[in-house]
Every structure is written in C-alpha cells, then in structure tokens.
Amino acid sequence: QVQLVESGGGLVQAGGSLRLSCAASGRVFSTYAMGWFRQAPGKEREFVAAISRSGGYVESVKGRFTISRDNAKNTVYLQMNSLKPEDTAVYYCAAINLAGNLKAYPPARWDYWGQGTQVTVSS
C-alpha cells in the first residue's frame, strides 16, 4: 500500500512558477514509477509527466514542466514554469508498478493516487 500526499498548489499569475511535491508513505517508493496528471473542470484527467523508478527516464508533455524524484525522501516533484491560465487544474500524483512507456498507461492503469492539489493561474 502506498499513500500519496500532494502539496505546493496555489494561485499564481500567468508567467509565474510553482513546484508541486508529492510525498509517499512506505518503504517501497523506489519500486514505483511516478507520474503527474491534471484535471480541469469538465475535462478528462490528462497525463502531464512521469519518471521511472530510478529517475533515469522522464517523460513530459509540457516543455515548461520538469519532473524529478528523491528516493531518499520518498518524494516526487513537478516544477512548473511560465504558467498559463490553461494550466489551471487539480494536479494529482500517481504511482505505478510498471516500467516502459509510462505516458502510454491510461489513468485507470495507475495503482495509487493522491488527493490532488489545486493550481490556479490568473491572467
């Protein structure tokens, strides 16, 4: 069992930056690949970024966003720069006990989810 808790969301002006954190419980964090998704009102949850167990492989659909992890701290991060109003959404972190093309796994395939953190970008 893995519990995930996101933090770092908030209100920011367009062009600003935020760093989201996701703290994981348990001693098995390093055995899971981690990802970030987001969901805006009325839209489906969409993939944002993912990182492999070791951190050696990363995938991001937003060039402005960078995912990283610290296995010693059981934490994964999402650095978001040059934020735009269309980035407004609830951001979720997720864990998956698989490797490979992480972006290809749909949300239903991911094993554990956090409760989400709201990011609002004002114009």
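Notes on the structure in this doc start here.

Side note on the overall build of the protein
- Across its full length, the protein carries zero helices and eleven strands.
- In sequence order, the secondary structure elements of the protein are arranged as β-β-β-β-β-β-β-β-β-β-β.
- For the protein, the C-alpha radius of gyration of 13 Å lies close to 14 Å, the compact-globule estimate for 123 residues.
- The principal-axis extent of the C-alpha atoms belonging to the protein is close to 40 × 25 × 25 Å.
- Relative to its full complement of 123 residues, the protein shows a buried share of 43%.

Considering the sheet that holds strand 1 (residues 4-7)
- Strands sit in the order 1-3-8-7 across an open sheet of four strands; the sheet is antiparallel. The open sheet has two edge strands with one neighbour each: strand 1 and strand 7 (65-70). Across the sheet, the mean angle separating the axes of adjacent strands is 15° when strand polarity is ignored.
- Of the pairings in the sheet, the one linking strand 3 (residues 18-24) to strand 8 (residues 75-80) comprises six bridges and is antiparallel in character. Directly across from C22, in strand 8, lies its bridge partner V76.

Things to note about unusual backbone geometry
- If you check the backbone angles, N74 has positive phi at about 55° while not being a glycine.
- Residue class for N74 comes out buried when judged on its relative accessible area of 18%.
- The phi dihedral of S82 falls on the positive side, at around 50°, and the residue is not glycine.
- With respect to the helices and strands, S82 occurs in the loop between strand 8 and strand 9 (89-96).

Description of the packing of aromatic side chains
- With the rule as written, the count across this model stands at five aromatic pairs.
- Ring centres 5.8 Å apart and planes at 70° place the aromatic pair Y32 and Y112 in the edge-to-face group. In this pair, Y32 sits in the loop between strand 3 and strand 4 (33-39) while Y112 sits in strand 10 (residues 112-113), placing the two residues 80 residues apart along the sequence.
- On the basis of relative accessible area, Y32 is assigned to the buried category, the value being 11%.
- One aromatic cluster is present, built from ring pairs that chain together F37, F47, Y92, W110 and W113.
- Seen from the ring of Y92, R45 lies directly overhead, with NZ or CZ sitting 3.8 Å from the centre.

Rules of the game
Residues numbered from 1 in each chain as written. Predicted model: local features only at pLDDT ≥ 70, side-chain atom pairs only at ≥ 80, totals over all residues. Heavy atoms only, no water. Helix = DSSP H or I, 4+ residues; strand = E, 2+ residues; numbered from the N terminus. Rg over C-alpha atoms; globule rule 2.2 N^0.38 Å. Buried < 20%, exposed > 50% of the residue type's maximum accessible area, 1.4 Å probe, protein only. Pairing = 2+ DSSP bridges. Axes fitted to C-alpha atoms, helices over the stretch in contact; angles between N-to-C directions. Phe/Tyr/Trp six-rings, centres within 6.5 Å; stacked < 30°, edge-to-face > 60°. Lys NZ or Arg CZ within 6 Å of the ring centre and 35° of its normal.

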